[in-house]
Amino acid sequence: VVIKPSQIGASEMIARMILARAAIIQPYSCIYTMPSAKSSQDFCKSRISPIVDESPYLRELVDNNNDSVSMKKIGHSLIHFKGAFKDAQAISVPADAVIADEYSYADTTVVKQFQSRLTHSHYKHTIYFSTPLLPNFGIDAEFQETRKHYRMCKCNHCGEWFWPQFLEHC
């Protein structure tokens, strides 16, 4: 569970990570969710496809017969791109990983339905990340339920180390 400021490259980092897992762990199934089906398809077109296109190794692994904005087949692995705002999106797809991007904007009940697809997985990977909207809601509520790890920051002006407070410093 990651609370993040906007535009720091977290989605790019996670995209590269799931593509690497799909290429290395065969077979591996991932469900990548965003708040809407349209936003997940746009993410696939604008972020995932360019990464694949830039990599000769990934390009060779992609099954062109199963390559769309809603699913990519990489070798024997599958990455599904789904919206998480309507429960009809949580179809019967077994998964090894559920990634919830912009979790605070999604229907958390739908994300939990996707998480139930991990039941028979050996890996059971989950990553939820988002910019928080309100205290104790969405990503902040999930973060409050975890073991917390914080990164200290050093002030550029005085050199003092401090624990950043999201609403105060971001």
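Note: the structure precedes this text.
As the structure is a prediction and not an experimental result, all values here were calculated from the model. (Residues numbered from 1 in each chain as written. Predicted model: local features only at pLDDT ≥ 70, side-chain atom pairs only at ≥ 80, totals over all residues. Heavy atoms only, no water.)

What to know about the packing of aromatic side chains
All chains considered together, the criterion is met by four aromatic pairs. The interplanar angle of 65° and the centroid separation of 5.7 Å between the aromatic rings of Tyr-28 and Tyr-123 together place this pair among those described as edge-to-face. You can see Tyr-28 sitting in the loop between α1 (10-24) and β2 (29-34) and its partner Tyr-123 sitting in the loop between α4 (108-115) and β7 (125-130), a full 95 residues away along the chain. Residue Tyr-28 is classed as buried on the basis of its relative accessible area, which comes to 2%. (Phe/Tyr/Trp six-rings, centres within 6.5 Å; stacked < 30°, edge-to-face > 60°. Helix = DSSP H or I, 4+ residues; strand = E, 2+ residues; numbered from the N terminus. Buried < 20%, exposed > 50% of the residue type's maximum accessible area, 1.4 Å probe, protein only.)

A short note on the packing of α1 against helix α2 (residues 37-54)
Contact geometry for α1 and α2: axes closest at 11 Å, N-to-C directions at 55°. Regarding the angle of α1 to α2, the classification is oblique. As for the relative orientation of α1 and α2, their crossing is right-handed in sense. On α2, the residues that touch Ser-11, Glu-12, Ala-15, Arg-16, Ile-18 and Leu-19 of α1 are Phe-43, Arg-47, Ile-48, Ile-51, Val-52 and Glu-54. Of the residues contributing to the contact of α1 with α2, the split by class is seven nonpolar, one polar and four charged. (Axes fitted to C-alpha atoms, helices over the stretch in contact; angles between N-to-C directions. Parallel < 35°, antiparallel > 145°, perpendicular 65-115°, else oblique. Left-handed = near helix turned anticlockwise from the far one by under 90°. Contact = heavy atoms within 4.5 Å. Nonpolar A, V, L, I, M, F, W, Y, C, P; charged D, E, K, R; others polar.)

A few points about α2
With 18 residues, α2 extends 25 Å from end C-alpha to end C-alpha; this agrees with the ideal 26 Å at 1.5 Å per step. Remark: the principal bend of α2, roughly 35°, maps to Cys-44. (Expected span 1.5 Å × (residues − 1). Bend = angle between axes of the 7 residues up to and from the residue.)

A closer look at α1
Across its 15 residues, α1 extends 21 Å between first and last C-alpha, which sits within 8% of the 21 Å expected from 1.5 Å per residue. By the burial criterion, the buried members of α1 are Ala-10, Ser-11, Ile-14, Ala-15, Ile-18, Leu-19, Ala-22 and Ala-23.

Some thoughts on the sheet that holds β2
Judged by pairing direction, the sheet is mixed, and its seven strands sit side by side in the order β1-β7-β6-β2-β5-β4-β3 without closing on themselves. For this open sheet the edge positions go to β1 (2-3) and β3 (62-67), each flanked by a neighbour on one side alone. Sheet topology note: the β2/strand β6 (residues 97-101) ladder contains four bridges and is parallel. Bridge assignment links Tyr-32 to a residue of β6, and that residue is Ile-99. Against the sheet, α2 engages β2, β3, β4 (71-74), β5 (77-83) and β6, with an angle of about 145° to β5. Against the sheet, α4 makes contact with β2, β5, β6 and β7, and its axis sits at roughly 160° relative to β7, the strand it touches most. (Pairing = 2+ DSSP bridges.)

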